[in-house]
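# Breakdown of the fold
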Amino acid sequence: MDRWLLTTSTLLAVIGGTWGVISVHRGHRNRWTTAWMLGVLLCQFAFLSLRGEHRGACPLADRGEILVFLSWSLTLFYLIIGPAYRISLLGVFTAPVVVIFQSIALIPGVLTPDPQRIAGANPWHETHAATSVLAYGALALAAVAGVMFMVLDKQLKGQHLTSGLFRNLPPVRELLVSLKRLLWTGGVLLTIGVGAGLLMPHDRSAMAHLVAALAVWSGYALLLCVMTLRGMTGRRLSLATLALFIVSLAVFAFI
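Treat the numbers as computed from the prediction; the structure is a model and nothing was measured.

Within the chain one finds nine helices and zero strands. With 255 residues in all, the chain has 50% of them scored as buried. Pairs at least 24 apart in sequence give 80% of the contacts found in the chain among residues at least 6 apart. Summed over its atoms, the accessible surface of the chain is roughly 12500 Å², and 69% of this surface lies on carbon and sulfur atoms.

Structure follows, in structure tokens:
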């Protein structure tokens, strides 16, 4: 049942992204991607609820569950940020990321077929896992917004002002505002997650993961400090956000 929900969620993301691309190509304003992504979110929530019942804890016990939780967080933040800032096209860029993450989770062996109940779950560990992956959802969407900014910047420099993509892209200011707020949201959640990780009981095997998490947190803290105190051009901020998110994915290798 859970794999069917995940498969359905992935197919809905494919439809939402494809629908959005077709609308942009025709020069129409994309309105249905948000509806499709809402369906994705509901299927993700049902999947995570079922896995949570089996686990008796937050479903983050294998890499497949982590990828789905990350996809859910990414979709959630898109549905909050996109309509609020009239950035419906953000779903066209978000859907492929969700499809990639969930397709990897569907590969045999990535998602445990028979999830076992977790005995003696520690609340600090639960907080660390949940808030950290939630933070990654916000930071992933910030990276997506960065990609959108770079596409818009390229369209402007290339004088492609009449293309369907350019006419559907949001104003530069709205993109940068959403990117910065997503960075702050992700940074705060990541701080809570790392703090909980320091408080939870851990052995030597967890030290590499903790060091990697601290390195990721330091990178985002530095980016936020430079952005706030010195300021950064939109292109540099977008590139830094995208590069830092790609590098930060390495932390999952230590789980």
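Looking now at the packing of aromatic side chains. Under the defined criterion, the tally for this structure stands at two aromatic pairs. Where Phe69 meets Trp72, the ring centres are 5.3 Å apart and the plane angle is 65°; that geometry is what we call edge-to-face. With a gap of three residues between them, Phe69 and Trp72 both fall in helix 3 (residues 63-84), about one helical turn apart. Residue Phe69 is classed as buried on the basis of its relative accessible area of 9%. The exposure class of Trp72 is buried, given its relative accessible area of 17%. Centroid distance Tyr136 to Phe245: 6.2 Å. Interplanar angle 55°. Geometry classified as tilted.

What follows covers the side chain of Ser73. Looking at the secondary structure, you find Ser73 in helix 3. Looking at Ser73, the relative accessible area reads 0%, which means it is buried. Sequence-distant contacts of Ser73, defined by excluding residues within four places in its chain, comprise Val133, Leu134, Gly137 and Ala138.

On to the packing of helix 4 (residues 90-106) against helix 5 (residues 123-157), then. For the pair helix 4 and helix 5, the least separation of the axes is 10 Å and the interaxial angle reads 125°. Compared by their axis directions, helix 4 and helix 5 come out oblique. For the pair helix 4 and helix 5, the sense of crossing is right-handed. Within the contact between the two elements, helix 4 uses Leu90, Phe93, Thr94 and Val97 and helix 5 uses Leu141, Val144, Ala145, Val147, Met148 and Val151. Residues belonging to the contact of helix 4 with helix 5 are distributed by class as follows: nine nonpolar, one polar and no charged.

With that settled, consider the nonpolar core. Of all hydrophobic cores here, the largest spans 66 residues; its most connected members are Tyr136, Leu141, Leu183, Leu190 and Tyr220. At the level of secondary structure, the elements contributing two or more residues to this core comprise helix 1 (2-25), helix 2 (32-55), helix 3, helix 4, helix 5, helix 7 (172-199), helix 8 (207-229) and helix 9 (234-248). The greatest single-element share of this core, amounting to 15 residues, is contributed by helix 5. Ignoring anything within four residues of it in the chain, the contact list for Tyr136 reads Leu70, Leu190, Val216, Phe245, Ser248, Leu249, Val251 and Phe252.

What counts, and where the lines are drawn
Residues numbered from 1 in each chain as written. Predicted model: local features only at pLDDT ≥ 70, side-chain atom pairs only at ≥ 80, totals over all residues. Heavy atoms only, no water. Helix = DSSP H or I, 4+ residues; strand = E, 2+ residues; numbered from the N terminus. Buried < 20%, exposed > 50% of the residue type's maximum accessible area, 1.4 Å probe, protein only. Contact = heavy atoms within 4.5 Å. Areas by Shrake-Rupley, 256 points an atom, 1.4 Å probe, with all protein chains shown as cover. Phe/Tyr/Trp six-rings, centres within 6.5 Å; stacked < 30°, edge-to-face > 60°. Axes fitted to C-alpha atoms, helices over the stretch in contact; angles between N-to-C directions. Parallel < 35°, antiparallel > 145°, perpendicular 65-115°, else oblique. Left-handed = near helix turned anticlockwise from the far one by under 90°. Nonpolar A, V, L, I, M, F, W, Y, C, P; charged D, E, K, R; others polar. Core = buried A, V, L, I, M, F, W, Y, C linked by side-chain atoms within 4.5 Å.

By themselves, these are just geometric observations and shouldn't be taken as functional.
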